[in-house]
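The residues making up each chain are set out below.
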Amino acid sequence: MTETADKRAAHRRGVTVTTVACLTGVAAGLVSNVLTGGGADPITAATNTVAVAPLVAAFALNLGVVQVLGVDVGDFSTKDHLYTAFMTFALWFITWGLLLSAAA
């Protein structure tokens, strides 16, 4: 492979991993909102521990989706796993927080 092809492959891998982590985080936030009553009572919804289940599922789903899209997760370092977990958590937190705030 040429240097340009290597750079493109690395860039494609990074974009894929980031996109999947962000989209699963947003999806987990939406599912958390539905599971906690869709914003009927934001205080009760915010303290409902069931809302964390979609986040945990999103963590597990990330690696599977990325593998299906052709990224070798065997090459992931601890830093890569922490990055995808953080991005998923951050987008879940922002999405669910906005939905709870909109209901208030």
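Residues numbered from 1 in each chain as written. Predicted model: local features only at pLDDT ≥ 70, side-chain atom pairs only at ≥ 80, totals over all residues. Heavy atoms only, no water.

Draft legend 1. Quick peek at the overall build of the chain. If you tally the helices and strands in the chain, you get four helices and zero strands. When the helices and strands of the chain are read in sequence order from the N terminus, they spell out α-α-α-α. Expressed along its principal axes, the backbone C-alpha trace of the chain runs to roughly 55 × 20 × 20 Å. Counting every position in the chain, which comprises 104 residues, the buried fraction comes to 32%. When contacts within the chain are restricted to residue pairs at least 6 apart in sequence, those whose partners lie at least 24 apart make up 78%. As presented, the chain carries roughly 6400 Å² of accessible surface, and 69% of it is formed by carbon and sulfur atoms. Of note, the chain has its 5 positive side-chain charges centred 9 Å away from the centre of its 6 negative side-chain charges. (Helix = DSSP H or I, 4+ residues; strand = E, 2+ residues; numbered from the N terminus. Buried < 20%, exposed > 50% of the residue type's maximum accessible area, 1.4 Å probe, protein only. Contact = heavy atoms within 4.5 Å. Areas by Shrake-Rupley, 256 points an atom, 1.4 Å probe, with all protein chains shown as cover. Lys, Arg positive; Asp, Glu negative; His and termini not counted. Charge placed at Lys NZ, Arg CZ, Asp CG, Glu CD.)

Draft legend 2. Fine view of the pattern of salt bridges. Following the criterion strictly, the structure yields two salt bridges and no others. In this structure, Glu-3 and Lys-7 form a salt bridge, with 3.4 Å as the shortest nitrogen-oxygen distance. With Glu-3 and Lys-7 both in helix H1 (residues 3-35) and four residues apart, this pair spans about one turn of that helix. The shortest N-O distance in the salt bridge between Asp-80 and Arg-13 comes to 3.4 Å. Taken together, the residues Asp-80 in helix H4 (residues 78-103) and Arg-13 in helix H1 connect sequence positions 67 residues apart. For Asp-80, a relative accessible area of 18% corresponds to the buried category. Under the relative-accessibility criterion, Arg-13 is labelled partly exposed at 30%. (Salt bridge = Lys/Arg side-chain N within 4 Å of Asp/Glu carboxyl O.)

Draft legend 3. Region of interest: a nonpolar patch on the surface. On the surface, Val-52, Val-56, Phe-59, Phe-86, Phe-89, Phe-93, Ile-94 and Leu-98 cluster together to form a nonpolar patch covering roughly 770 Å² of accessible area. Looking at the nonpolar patch, the elements that each hand over two or more residues are helix H3 (53-68) and H4. Ranked by the residues each element gives to the nonpolar patch, the list is headed by H4, at five residues. Locating Phe-59 in the fold gives a position in helix H3. (Patch = residues over 30% accessible without salt bridge, like charges linked within 9 Å, V, L, I, M, F, W, Y side chains within 5 Å.)

Draft legend 4. Representation of H3 in the model. Taking 1.5 Å per residue, 16 residues should reach 22 Å; H3 reaches 23 Å between its end C-alpha atoms and fits that length. At Leu-61, H3 shows its largest kink, close to 30 degrees. Positive backbone phi, approximately 95 degrees, marks Gly-70, located one or two places after H3. (Expected span 1.5 Å × (residues − 1). Bend = angle between axes of the 7 residues up to and from the residue.)

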